[in-house]
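# Examining the three-dimensional arrangement
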Amino acid sequence: PPAQSHPQPSPHPLRQVLSKNAIIKYQLIFRHLFHCKHVERQLSSSWLKQQATKGLTGVTACFSASYGLRQRMLHFLQNLEYYMMFEVLEPNWHVLLQKLGAARKLDELIAQHNGFLDKCLKVKQLTPTALPAPAPRPSRRAITLTLSLT
């Protein structure tokens, strides 16, 4: 069945822990992970396609820069995925489980769960405060000047 973008109503205590905000945070975390995996698969498939050009005479030198760039991008992405999974999510999950075992009230449990999500988003730099501000649009004069210099 297709993935649902709107979760079904859940039982009372679970609905308080898995609030709309919590689900949105989970979606941000996992959408980012899935997107990274998708890009990794695209880079890997481009490697397979580039293998056909390696046997062509004189072409290898032209494409060597792109081979190296693709390999560096793939290496970076794999390291980023490793960091997110094993340095951010997994250790924070274990800490959350310990804190949930010590929680005595529903409010404590909700606070610990929200703290876990916020920490994961902050460390993965997916919070709005961690995102860079958009670059200002260049003026027409700057574009015209740049084009006239080339």
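Notes on the structure follow. Not measured: the values here are computed from a predicted model. (Residues numbered from 1 in each chain as written. Predicted model: local features only at pLDDT ≥ 70, side-chain atom pairs only at ≥ 80, totals over all residues. Heavy atoms only, no water.)

Inspection of the entire model under this criterion finds three aromatic pairs. Here the aromatic rings of Tyr82 and Phe86 are separated by 5.1 Å at their centres, their planes lie at 40°, and the arrangement is tilted. You can see Tyr82 and its partner Phe86 sitting in helix H3 (residues 60-102), four residues apart, about one turn around the helix. The class of Tyr82 is partly exposed, set by a relative accessible area of 46%. Consider the rings of Trp93 and Phe116, whose centres lie 5.7 Å apart with planes at 65°: the pair is edge-to-face. With Trp93 in helix H3 and Phe116 in helix H4 (residues 106-123), this pair connects stretches of sequence that are 23 residues apart. A relative accessible area of 39% places Trp93 in the partly exposed class. Given the relative accessible area of 8%, Phe116 is considered buried. (Phe/Tyr/Trp six-rings, centres within 6.5 Å; stacked < 30°, edge-to-face > 60°. Helix = DSSP H or I, 4+ residues; strand = E, 2+ residues; numbered from the N terminus. Buried < 20%, exposed > 50% of the residue type's maximum accessible area, 1.4 Å probe, protein only.)

Take the pattern of salt bridges next. Charged atoms that come close allow side chains of opposite charge to pair. Under the criterion given, the structure shown has three salt bridges. With its nearest N and O atoms 2.6 Å apart, the salt bridge here joins Asp118 to Lys25. Of this pair, Asp118 sits in helix H4 while Lys25 sits in helix H2 (residues 20-51), placing them 93 residues apart in sequence. Of the residues examined, Asp118 reaches a relative accessible area of 35% and is grouped as partly exposed. Given the relative accessible area of 19%, Lys25 is considered buried. With a closest N to O distance of 3.6 Å, Lys37 and Glu81 form a salt bridge. Taken together, the residues Lys37 in helix H2 and Glu81 in helix H3 connect sequence positions 44 residues apart. Judged by its relative accessible area of 42%, Lys37 falls in the partly exposed class. (Salt bridge = Lys/Arg side-chain N within 4 Å of Asp/Glu carboxyl O.)

Honestly, that's just the spatial picture; any functional story needs more than this.
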